[in-house]
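In case you want the letters, here they are:
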Amino acid sequence: MRVPFPSSRSAGAARPGGASTADSTSASAMPAGVPSASRRRSRLPSLSLIAAVALVCAGCCFPAAAQAEDLLEIYDLARSADPVLAGARAVRGQQGELAVQARAALLPQWSAQLSELRNQDDGTRQHQLTHSLSQVLVDLSKLRGWDAARTLVDAEDARVRAAEADLCARVARAYFGVLTAQATLQTAQAIEDVYGQQVAQAQSRFEAQLSASLDVEQARAYYELARGNTAAVREDLADARQALAQITGRMPGELKPLAPELAMLMPDPADPEAWVTQALRDNPSLQAAALGVTASDQRVAAARAAHLPTLSLGLDGQRLAGNAVAPQDAGRYNSTIGLKLTIPIFAGGAVESQKRQAIYQREQLRDDLEGARRAMTRETQAQYQAVLSALSQMRTAGAAVQAAEKALTSTRSGLDLGARTMTDLLLAIQTQSNARNAWEQARHRYVLSKLLLQQAAGALAEPQLAAVNTLLVAPPAAPPTAPPMSSSASLPTSTSASTAPSTSSAALAPALTTARLAR
């Protein structure tokens with residue numbers, strides 16, 4: 001496949017529409033009835049004014065189309081649209097109502113009943129109005145059940161906080177997942193573009209009988225492989241955008257990337273055991289699990305108190321009326337007040353069974369809590385090591401980019417001198433592109449690992465996302481179609497700050513254009 005190179009035009013070459021410079025000189029010889037060029041030019045200011053007004057109106061009507069979204073904007077959308085967080089809040093509301101119902105069993109209970117009786121023999125009627133008012137005085141089982149319900153409300157509050165922290169982590173993971181996929185796609189497109197140019201150059205060398213057809217076939221093989229890789233990476237980017245849309249409820253627009261300069265800071269404190277201690281103390285998921293164990297203890301106490309006597313105060317009243325009621329009782333209100341003592345004697349073994357069930361549930365929750373604590377210890381240490389690994393990858397990837405750029409420069413020079421082959425140049429270009437892609441991925445992994453470490457320690461919330469949001473910058477107004485890969489880009493090796501190298505394929509062009517038909 002041959003890629004045609006653009007041809008230059010001279011000052012007198014044909015212009016768009018087929019007009020040339022000679023046509024403008026013959027316009028003065030036109031009849032008087034035909035508008036001259038000067039008359040047509042006099043209308044241009046008004047047309048320019050109309051175009052300017054149209055552009056201003058378009059900018060006013062569509063201001064958001066040119067504005068990229070940042071991390072906080074995506075998080076605000078997710079807070080109002082994420083079904084996982086909404087589900088956690090709904091469960092908390094359900095538990096709150098269960099606590100209200102448990103408390104209601106300890107409050108006064110009042111009921112009234114109105115009935116009418118009719119005798120079929122003589123047709124007499126009797127109207128009866130009764131009511132009953134009772135108040136629990138002593139019932140330890142219901143009291144401990146209410147304590148357990150209130151404790152579970154606190155546990156659900158902790159789970160809501162855990163869901164909010166998890167939402168922050170999921171938003172950040174999806175956000176930087178899109179950025180990573182975009183960087184990978186830019187690198188893949190750059191490699192594809194370079195290999196396409198290489199196919200054209202190899203074809204030109206073959207037609208000039210300066211190389212064998214093997215070079216053309218090798219270039220085409222690399223180009224087709226690059227095209228397949230670009231298609232796969234484009235699919236990954238679409239999936240990453242769908243993952244972000246799954247959280248926010250809509251497809252994201254253009255996202256702000258990380259700033260070129262990124263501070264490379266160690267976790268504070270720089271002790272993994274300190275992070276583990278904080279996680280075991282402040283992680284909301286562990287707090288919810290611990291409160292669940294406390295509630296299970298209270299449920300065991302409620303089950304044990306189910307066989308204890310209960311004491312309540314009752315007030316009952318009755319009023320009769322109708323021709324079937326004796327005259328001395330008609331319209332008379334009778335009330336009864338008294339204390340009611342209930343002593344459970346035998347319930348078929350249900351009370352003991354409920355007590356054993358509560359104990360088993362408590363043991364299960366205790367085991368789950370211990371497993372969660374061990375898993376959190378491992379997760380915290382893993383995220384701490386992930387931050388350190390990301391820092392190391394940023395340094396090594398920066399050094400790899402520098403070495404790859406030097407190797408590309410040497411390979412390009414060697415190709416001009418005939419000491420290197422076209423395959424060597426292709427491999428050097430691919431190595432440089434992969435090194436820059438690894439650099440971008442390491443930067444994203446570093447920021448995300450710090451957020452996940454804060455989540456494990458129970459310190460991830462909107463302020464932490466706002467701090468990361470300050471590291472984002474607006475994307476260029478007209479981003480290149482492929483990442484710049486300038487061989488003159490420098491990467492600092494200091495551990496205090498990191499500057500992201502530019503990633504445009506424009507700098508890869510010298511690797512191909514300077515490899516002229518030198519042999």
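These notes cover the structure that comes with them. In this text the structure is predicted, and so the values were computed from the model without any measurement.

**Points about the packing of helix α4 (residues 71-81) against helix α7 (residues 213-248)**
- Interaxial distance between α4 and α7 falls to 7 Å at its minimum, and their mutual angle equals 55 degrees. Considering the angle they form, α4 stands oblique to α7. For the pair α4 and α7, the contacting residues are I74, L77, A78 and A81 in the first and L244, I247 and T248 in the second.
- For the contact of α4 with α7, the per-class residue count stands at six nonpolar, one polar and no charged.

**A short note on the pairing of strand β5 (residues 333-342)**
- Taken across its ten residues, β5 has zero buried, putting it largely on the surface.
- As paired elements, strand β4 (residues 310-321) and β5 share ten bridges and run antiparallel to each other. Each bridged residue has a counterpart across the sheet, and for R319 the counterpart in β5 is Y333.

**Concerning the pattern of salt bridges**
- Enumeration over the complete set of coordinates arrives at 20 salt bridges.
- A salt bridge links R159 to E156, with the nearest nitrogen and oxygen atoms 3.1 Å apart. With a gap of three residues between them, R159 and E156 both fall in helix α6 (residues 140-207), about one helical turn apart.
- When its relative accessible area of 37% is taken as the criterion, R159 is described as partly exposed.
- Through salt bridges with shared partners, one network takes in D297, R362, E363 and R366.

**Here we look at the packing of aromatic side chains**
- Under the counting rule described, the total for this entry stands at two aromatic pairs.
- Here the aromatic rings of Y175 and F176 are separated by 5.6 Å at their centres, their planes lie at 75 degrees, and the arrangement is edge-to-face.
- The class of F176 is buried, set by a relative accessible area of 2%.
- Seen from their ring centres, Y195 and Y222 are 5.5 Å apart, and the 50 degrees between their planes marks the pair as tilted.

**Brief notes about the packing of helix α8 (residues 272-282) against helix α9 (residues 284-304)**
- The geometry of α8 relative to α9 is characterised by a closest axis approach of 6 Å and an angle of 45 degrees between their N-to-C directions. Between α8 and α9, the angle is such that the two are oblique. In contact with A279, L280, R281 and D282 of α8, α9 contributes P284, L286 and Q287.
- Here the contact of α8 with α9 is composed, by residue class, of four nonpolar, one polar and two charged.

Cut-off values and rules
Residues numbered from 1 in each chain as written. Predicted model: local features only at pLDDT ≥ 70, side-chain atom pairs only at ≥ 80, totals over all residues. Heavy atoms only, no water. Axes fitted to C-alpha atoms, helices over the stretch in contact; angles between N-to-C directions. Helix = DSSP H or I, 4+ residues; strand = E, 2+ residues; numbered from the N terminus. Parallel < 35°, antiparallel > 145°, perpendicular 65-115°, else oblique. Contact = heavy atoms within 4.5 Å. Nonpolar A, V, L, I, M, F, W, Y, C, P; charged D, E, K, R; others polar. Buried < 20%, exposed > 50% of the residue type's maximum accessible area, 1.4 Å probe, protein only. Pairing = 2+ DSSP bridges. Salt bridge = Lys/Arg side-chain N within 4 Å of Asp/Glu carboxyl O. Phe/Tyr/Trp six-rings, centres within 6.5 Å; stacked < 30°, edge-to-face > 60°.

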